[in-house]
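So the chains spell out like this:
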Amino acid sequence: EVNTYKLLKSVLDIFENNENSKFNFFLKCGYEIEKRNLDIFKNYKKTKILPTNFNNQKMYDFCDVFILPSFSSIFSEISCSKKTILMNIDKRVHSFENKAQSKIMKRANVSFNQESFLKSIKNILKNGRNSKFTSNNKNNDLTFYKSYCNDSSNTIRDRLKILK
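Residues numbered from 1 in each chain as written. Predicted model: local features only at pLDDT ≥ 70, side-chain atom pairs only at ≥ 80, totals over all residues. Heavy atoms only, no water.

Novice: Just to check I follow, could you spell out the pattern of salt bridges for this structure?
Specialist: Inspection of the entire model under this criterion finds five salt bridges. With a closest N to O distance of 3.4 Å, Lys9 and Asp13 form a salt bridge. With Lys9 and Asp13 both in helix 1 (residues 2–16), this residue pair falls four residues apart, about one helical turn. A residue is classified by how much of its surface remains accessible, and Lys9, at 40% relative accessible area, is partly exposed. Across the pair Asp90 and Arg92 runs a salt bridge whose closest N-O atoms are separated by 2.8 Å. On the basis of relative accessible area, Asp90 is assigned to the buried category, the value being 17%. Beyond isolated ion pairs, a larger network of salt bridges with shared partners links Asp64, Lys83 and Arg129. (Salt bridge = Lys/Arg side-chain N within 4 Å of Asp/Glu carboxyl O. Helix = DSSP H or I, 4+ residues; strand = E, 2+ residues; numbered from the N terminus. Buried < 20%, exposed > 50% of the residue type's maximum accessible area, 1.4 Å probe, protein only.)

Novice: Looking at this model, I keep getting lost on the environment of Ile89. Mind explaining?
Specialist: Within the secondary structure, Ile89 is located in the loop between strand 4 (84–88) and helix 4 (98–107). Judged by its relative accessible area of 1%, Ile89 is buried. Once the C-alpha coordinates of Ile89 and Phe71 are considered, the two residues, 18 residues apart in sequence, prove to be 6.0 Å apart. Apart from the residues lying within four places of it in its own chain, the contact partners of Ile89 are His94, Phe96, Ile104, Val110, Ser111 and Phe112. (Contact = heavy atoms within 4.5 Å.)

Novice: Help me out: how do you make sense of the nonpolar core in this one?
Specialist: Soluble globular proteins tend to pack their nonpolar side chains together in the buried interior. Core analysis: the biggest nonpolar cluster contains 18 residues, and Phe15, Phe117, Leu118 and Ile121 have the highest contact counts within it. Looking at this core, the elements that each hand over two or more residues are helix 1, strand 1 (25–28) and helix 5 (114–127). Ranked by the residues each element gives to this core, the list is headed by helix 1, at six residues. Those residues within four positions of Phe15 in sequence are excluded, and the remaining contacts are Phe25, Lys46, Thr47, Ile67, Ile121 and Leu125. Judged by nonpolar contacts, the second largest core, of 17 residues, contains Tyr60, Cys63, Met87 and Ala108. (Core = buried A, V, L, I, M, F, W, Y, C linked by side-chain atoms within 4.5 Å.)

Here is the structure:
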C-alpha cells in the first residue's frame, strides 16, 4: 500500500507541475481513501478529488484518459469504453495467466515499472491526442471485455447498456 501512495503522489506531482491548460485532472478514490485526511491530498490545486461513491458513468462524460496506478476492478468497466487507459502493473502484487495478460495489454497501455508508467503520463501531457498512447487504437480492442466481462453475442448493445 505504501508503494501505491508513493506512485500516486508522483502522478499528482506531475499533474501539479503541468503547464498545459487544456488538461483537467481528477483523482477517483477507492475504499473511501479521500476521507482518511492523508497528507497525500494536500497542496494539490490542479487535481479535483472525486469521492469513492462518485458515479463512474459520469466520468466517461469528462475524462478522455484513465490512469490506473495498479490493476483494479474499475479496469473491467473502463475496458468496455473507448477511452485510453494507462495502467501500471506491479508483478510483485498482481499475476495473470499469459492469456489474460495478453488481453489486458491489447486493451490498455501497460507499464510494469513505475518509471515507465510516469514517462507514459508525461508523454500524454506533452503530446495530447498525438501521443503514441492515445493514438494506438488500443481503445477499440474489446478482447478483454468479451472474454472476461461479457459473454453476450451482442457486445455493442451491452456496451451501450453499461455506458448509459
